[in-house]
Amino acid sequence: MTNPDLHLDIRDEVAIVRLTRGAKRNALSDGLILALRDTFEKLPGTVRAAVIDGEGPHFCAGLDLSELKERDAGQGMQHSRLWHGALDLIQHGPVPVIAALHGAVVGGGLELASACHIRVADRSTFYALPEGSRGIFVGGGGSVRIPKLIGVARMTDMMMTGRVYNAEDGERANFAQYLVDEGTAFDKAFELAQRVATNAPLTNYALMHALPRIAEQSADHGFFTEALISGITQAAPEAKQRVRDFLEAAAPR
Ligand code: 1HE
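Asks: Honestly, the nonpolar core in this entry has me stumped. Any pointers?
Replies: The nonpolar side chains of soluble globular proteins are, as a tendency, buried together. Phe40, Ile52, Ile90 and Tyr127 are the most contacted members of the largest nonpolar core, which has 45 residues in total. Secondary structure elements with two or more residues in this core: strand 2 (14–19), helix 1 (30–41), strand 3 (49–54), helix 2 (73–91), strand 4 (97–101), helix 3 (108–115), helix 5 (142–150) and helix 6 (152–161). Sorting elements by how many residues they give to this core places helix 1 first, with 5 residues. One finds Val14, Ala49, Val180 and Phe190 within the second-largest nonpolar core, a separate group that totals 16 residues.

Asks: Is there a simple way to think about the sheet that holds strand 1 (residues 6–11) in this case?
Replies: Whenever strands of a sheet pair, they do so through backbone hydrogen bonds, lying parallel or antiparallel. What the 6 strands build is an open sheet, ordered 1-2-3-4-6-9; its pairing is mixed. In this open sheet, the two edge strands, each paired with only one partner strand, are strand 1 and strand 9 (178–180). The mean angle between the axes of side-by-side strands here comes to 20 degrees, regardless of whether they run parallel or antiparallel. In the sheet, strand 3 pairs with strand 4 via 3 bridges, with the strands oriented parallel. Across the sheet, Ala50 pairs through a bridge with Val97, a residue of strand 4.

Asks: Before we go on, may I ask you to explain the site of the ligand in this structure?
Replies: Surrounding the ligand, one finds 22 residues, the nearest of these being Lys24, Ala61, Leu65, Gly108 and Arg134. Taking Ala23, its main chain carries an N or O atom lying 3.4 Å from an oxygen atom of the ligand. A distance of 3.0 Å separates an oxygen atom of the ligand from a polar side-chain atom of His58. Burial of the ligand by the surrounding chains reaches 66%, relative to a free accessible area of 1,000 Å². When residues of the shell around the ligand are traced back to their parent elements, those giving at least two are strand 5 (104–106), helix 3 and helix 4 (131–134). Residues that form the shell around the ligand fall into these classes: 10 nonpolar, 6 polar and 6 charged.

Asks: Even after reading the chapter, I still don't get the domain arrangement of the chain, so can you show me in this structure?
Replies: How big an interface is tends to be expressed through the accessible area that disappears when the partners come together. By the assigned domains, the chain splits into domain 1 (6–197) and domain 2 (201–250). A straight line from the C-alpha centre of domain 1 to that of domain 2 covers 28 Å. Contact residues are listed per partner, giving 10 residues for domain 1 and 6 residues for domain 2. Contact between domain 1 and domain 2 buries roughly 660 Å² in total, counting both sides, with carbon and sulfur atoms accounting for 52%. Of all residues in domain 1, Arg48, His92 and Pro96 give up the largest surface area on contact with domain 2, accounting jointly for 54% of the area buried on that side. Measuring nitrogen to oxygen at the nearest pair gives 2.6 Å for the salt bridge that ties Lys148 to Glu216. In this structure, the connection of domain 1 to domain 2 is made through 3 residue pairs in polar contact (both at pLDDT 80 or more).

Asks: How do you make sense of the pairing of strand 6 (residues 118–122) when you look at a structure like this?
Replies: Walk down a regular strand and you will see the side chains alternate between the two sheet faces. The buried count for strand 6 comes to 4 of 5 residues, which makes it a mostly enclosed element. Pairing analysis gives 4 bridges linking strand 4 to strand 6, with the strands arranged parallel. Bridge pairing links Ala100 to Val120 in strand 6. Examined bridge by bridge, strand 6 and strand 9 share 3 bridges and lie parallel to one another.

Asks: Just to check I follow, could you spell out the packing of aromatic side chains for this structure?
Replies: The geometry of two aromatic rings is summed up by the distance between their centres and the angle between their planes. Summed over all chains, the structure comprises 3 aromatic pairs. The interplanar angle of 10 degrees and the centroid separation of 4.3 Å between the aromatic rings of Tyr127 and Phe175 together place this pair among those described as stacked. In this pair, Tyr127 is assigned in strand 7 (residues 126–128) and Phe175 in the loop between helix 7 (167–172) and strand 9, connecting sequence segments 48 residues apart. According to the relative accessible area criterion, Phe175 is buried, its value standing at 1%. Ring centres of Phe186 and Phe190 lie 5.9 Å apart, and the angle between their planes is 20 degrees; on these two criteria the pair is classed as stacked. Of this pair, Phe186 and Phe190 both sit in helix 8 (residues 185–197), 4 residues apart, roughly one helical turn. Phe190 carries the same exposure label as Phe186, and that label is buried. Grouping aromatic residues by their ring pairs yields a cluster made of Tyr127, Tyr165 and Phe175. One cation-aromatic arrangement involves Arg11 over Phe190; the distance from NZ or CZ to the ring centre is 5.2 Å. Here the basic side chain of Arg18 rests over the ring of Phe186, its NZ or CZ set 5.2 Å away from the ring centre.

Here is what the cut-offs are and how they apply
Residues numbered from 1 in each chain as written. Predicted model: local features only at pLDDT ≥ 70, side-chain atom pairs only at ≥ 80, totals over all residues. Heavy atoms only, no water. Core = buried A, V, L, I, M, F, W, Y, C linked by side-chain atoms within 4.5 Å. Buried < 20%, exposed > 50% of the residue type's maximum accessible area, 1.4 Å probe, protein only. Helix = DSSP H or I, 4+ residues; strand = E, 2+ residues; numbered from the N terminus. Pairing = 2+ DSSP bridges. Axes fitted to C-alpha atoms, helices over the stretch in contact; angles between N-to-C directions. Near = heavy atom within 4 Å. Polar contact = N/O pair within 3.5 Å; in protein donor to acceptor, adjacent residues only side chain to side chain. Areas by Shrake-Rupley, 256 points an atom, 1.4 Å probe, with all protein chains shown as cover. Nonpolar A, V, L, I, M, F, W, Y, C, P; charged D, E, K, R; others polar. Domains from an automatic or database assignment. Contact = heavy atoms within 4.5 Å. Buried area = accessible area lost by both parts, 1.4 Å probe. Salt bridge = Lys/Arg side-chain N within 4 Å of Asp/Glu carboxyl O. Phe/Tyr/Trp six-rings, centres within 6.5 Å; stacked < 30°, edge-to-face > 60°. Lys NZ or Arg CZ within 6 Å of the ring centre and 35° of its normal.

Structure representation (structure tokens):
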């Protein structure tokens, strides 16, 4: 599907997925959500990591409020499920995804960022959940993913009081793992993506698919799942080769 509001560029082994609806602050229309879904579903097999960023002064202003028209409860639920499907393809898709954040990361924009594996924020970034003041609730998986980053108490406060976190406070609160100078988030995210792309694919897969699930299991189940995925990654030919390379390089020392 082609959509003028989304641009895909593949550089080396990294897919650059850019929201190109800057005039509307990259507000996420249904069409844009579908385009995101299709893009991640159909990434070429040569891609090993992805970066998401947004054109213009803001990463993403969240849900396209102009589309928030009369929906009955069932349609509202389906709309939320549409977002869930698309953002799940980012979180549990084929490759690690790094978000390059700047300006507004608000509402559904924060939900999108929280579905990514690594967030790099520049100093212009701010985080908010205006849903609270618009009389609605998060619907793009935010109530599941955002508390895992910042905790239930902070998210409750943001939605109840309209609190906005700036980039520095946001980094301390765990919205982003990296805080960089203004205008450099994309460069840092791309550099990280290139590094991530050199990992064994099975290790990246384990980090994306096993680690978050293990973190939600009881310790007993978690240890068992860890043993399984650990055994699987070790047995891969690529892991054996990497260990051999290390030992052979170390041998003469
Ligand atoms: C939009 C949207 C939008 C901007 N939907 N059109 N999200 C929000 O409640 C955030 C709403 N947006 C804002 O608070 C501000 O736009 C920003 C702080 C992000 C940026 O401010 P600024 O001064 O740079 O831009 P602006 O002048 O407010 O907006 C520029 C244009 O983008 C303008 O349109 P124009 O035709 O008058 O030029 C705005 O109307 C348009 N625009 N944001 C539609 N969100 C799955 S559930 C998720 C639920 C949510 O995400 S709720 C939170 C929605």
